[in-house]
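Fold and geometry: a report
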Amino acid sequence: MASAIVNTMGEAVLVLEDDLRVALANTAFLRTFEVNAEQTEGESIFELGNGQWDIPELRELLPRLLQGEDPISDYRVEHEFDTIGRRIMLLNARKLQQEGKNRVLLAIRDETERLGSEGEILAGREFSDKLIDSIREGLIVLTPELKVVRVNLSFCEMFRIDSGDAVGCKIYDLGNGQWDIPELRQALEEILPQENSFDDYEVTHDFPVIGSRTMLLNARRLDHMNRILLAIRDDTSRVRNQEEQRLLIGEVQHRVKNILGNVQSLANATLRRSSTVEEFGMVFKDRLQSVARAQDLLMRGAKGVADLRKLLEFELKAHGWVPDGRLTIDGISVILSREQTQAVAMVLHELTTNAVKYGAFSHATGRLDVFWNVSKDYRLRLVWRESGVPLDGPPEKKGFGTGMIERSMSHSMGGESELEFTNDGVCCHIDFPLDPTIQGPA
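So, a few notes on the structure that sits alongside this text.

Observations concerning the overall build of the protein chain
On a plain count of helices and strands, the protein chain comes out with 14 helices and 17 strands. Pairs at least 24 residues apart make up 49% of the contacts formed inside the protein chain by residues separated by at least 6 positions. Carbon and sulfur atoms provide 50% of the accessible area of the protein chain, an area that totals close to 24900 Å².

In structure tokens:
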């Protein structure tokens with residue numbers, strides 16, 4: 001009767017004598033471990049299958065069970081068999097007394113397939129988790145009701161949200177309602193149900209914590225998992241760079257237009273006052289080079305501004321000035337805007353040209369002193385004073401340069417300039433308002 005019962009059991013079962021020899025191996029055991037009764041019954045369990053059952057865990061557990069320890073319940077054993085390969089087994093055993101003898105009933109449940117599948121599932125889940133966390137885009141896994149199931153590390157870092165606070169809440173409630181964005185609602189509630197996906201859906205939103213962000217959203221409905229995968233790429237830098245590039249191109253176009261306008265004005269004015277082609281070419285070339293020097297100085301700084309002292313020194317050196325004790329430059333740091341730089345450069349060019357031809361730099365006794373200051377209301381007052389140059393008075397006819405010096409400040413700068421001719425040399429007073437917001441290092 002007992003033998004019949006054991007043989008009908010679906011689990012592999014061994015009945016062992018007190019010396020751990022096999023008294024009975026049921027049909028399930030013989031089938032599972034691919035042996036026959038003749039190879040099993042009467043043999044020590046540790047010698048079964050040419051010693052394949054000499055498993056350390058069995059050598060420890062079974063003797064202790066015979067000595068009176070508690071029954072063994074679902075004890076997991078993993079073992080590599082020569083004939084059937086690796087097996088994961090759950091052992092259940094208890095001591096029996098039959099006919100005055102102690103015996104062991106050992107039930108062996110082969111869990112290889114089930115636990116192996118579970119292991120693969122866990123391994124797959126671990127792989128997918130690590131894969132999701134390695135993606136640089138923010139990822140959110142949602143239920144059809146738009147509740148958060150999973151967020152990756154990139155999303156948490158990008159939007160400064162703790163994953164523990166995100167899971168379980170509706171996407172619109174993330175970050176205390178920061179994600180309640182009308183465009184996001186439209187994408188998830190109108191577009192996705194109809195199309196089952198959307199790509200590069202652009203959303204711009206001002207987050208209280210991280211500021212304005214431009215995002216590209218991509219979403220897919222995962223029908224077999226009844227989930228929604230939402231990928232979020234922070235596109236703020238690219239959009240910002242494009243806007244900066246657009247502004248830069250506009251600024252360059254504006255500068256080129258202004259430069260060409262200045263060149264055209266210079267050409268027209270020089271042409272009207274030139275008696276020969278050679279004279280026009282020489283004078284125009286000098287004035288054009290002055291414009292180029294001013295632009296070079298402006299391009300050296302990222303802010304499109306120039307330092308007054310550097311602008312003055314550029315012009316003087318271009319006309320051959322070398323330190324010889326006949327020049328003094330004195331003034332605090334003054335920053336000129338782009339428009340001011342262009343206008344002041346032309347005035348300084350005309351003053352320097354006249355000083356070389358007729359003034360301080362044309363006489364061995366000549367001297368030039370340039371000094372300036374800035375008033376409390378940010379007005380620049382500059383004085384160009386030449387001395388040691390005998391003059392008979394102001395010129396009878398004003399040339400282009402003289403006219404430019406006197407007109408430039410009032411026409412384009414909201415200021416004024418005045419030329420004074422004395423018996424000792426020429427003196428120019430320049431006065432115009434500065435932009436207080438750009439004063440500082442150029």
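Having seen the structure, we can now continue with the description.
Comments concerning empty space enclosed by the protein
Taken as a whole and judged by the stated rule, the model has 1 cavity of 30 Å³ or more. Of the volumes computed, that of the largest cavity is approximately 40 Å³. Along the walls of the largest cavity sit L308, V344, L348, L380, L382, I430 and F432, which together make up its complete lining. Broken down by secondary-structure element, the contributors of at least two residues to the lining of the largest cavity are α13 (338-357), β15 (379-387) and β17 (425-433). Looking at the lining of the largest cavity residue by residue, the classes come out as 7 nonpolar, no polar and no charged.

Some thoughts on the packing of aromatic side chains
For the structure shown, the criterion picks out 6 aromatic pairs. Ring plane angle 80° and centroid distance 4.8 Å describe the contact between F159 and W179, whose orientation is recorded as edge-to-face. Pair noted here: F159 is in helix α6 (residues 153-159) and W179 is in the loop between α8 (174-177) and α9 (182-195), with a separation of 20 residues, a long-range link. Comparing F159 with W179, the two get one shared label, buried. Through a chain of ring-to-ring contacts, three or more aromatic side chains come together here, namely F155, F159, W179 and F207. Just above the ring of F46 sits the side chain of R59; from NZ or CZ to the centre is 4.2 Å. Directly above the aromatic system of Y172 lies the positively charged group of R185, at a separation of 3.9 Å from the ring centroid.

A word on unusual backbone geometry
For residues other than glycine, phi is negative in most cases, and the peptide bonds are mostly trans. One non-glycine residue, L20, lies in the positive phi region at around 70°. Positionally, L20 belongs in the loop between β1 (12-16) and β2 (22-25).

Rules behind the numbers
- For every chain, the first residue of its written sequence is number 1, and the numbers climb from 1 along that sequence.
- Whole-chain, interface and lining totals are the exception, using all residues; otherwise, since this is a predicted model, local features are given only for residues with pLDDT of at least 70 and side-chain atom pairs are given and counted only at 80 or more.
- Hydrogens and waters are ignored; side-chain quantities use all the structure's heavy atoms.
- In DSSP terms, a helix is any run of H or I states spanning at least four residues, a strand is any run of E spanning at least two, and both are numbered starting from the N terminus.
- Pairs of residues are marked as contacts when any of their non-hydrogen atoms sit within 4.5 Å.
- All accessible areas in this document rest on Shrake-Rupley with a 1.4 Å probe, and a residue is counted as covered only by the protein chains that are shown.
- Cavity: a set of points on a 1 Å grid over the protein atoms alone where a 1.4 Å probe fits but cannot get out. Pocket: an open set with protein on both sides within 12 Å along at least five of seven lines, its lining residues, like those of a cavity, having an atom within 4 Å of a point.
- Grid points are joined across faces, edges and corners, and a volume is the space filled by probe spheres set on the points.
- Under the scheme applied, nonpolar residues are Ala, Val, Leu, Ile, Met, Phe, Trp, Tyr, Cys and Pro; charged residues are Asp, Glu, Lys and Arg; polar residues are all the others, including Gly.
- Only the six-membered ring of Trp is used, alongside the rings of Phe and Tyr, when aromatic pairs are assigned; centres must lie within 6.5 Å, and planes under 30 degrees apart are stacked while those over 60 apart are edge-to-face, with the rest tilted.
- Exposure classes here rest on a 1.4 Å probe applied to the protein chains alone. A residue is buried below 20% of its type maximum, exposed above 50%, and partly exposed in between.
- Throughout this description, the term charge over a ring refers to an Arg CZ or Lys NZ atom that lies within 6 Å of the ring centre and within 35 degrees of the ring normal.

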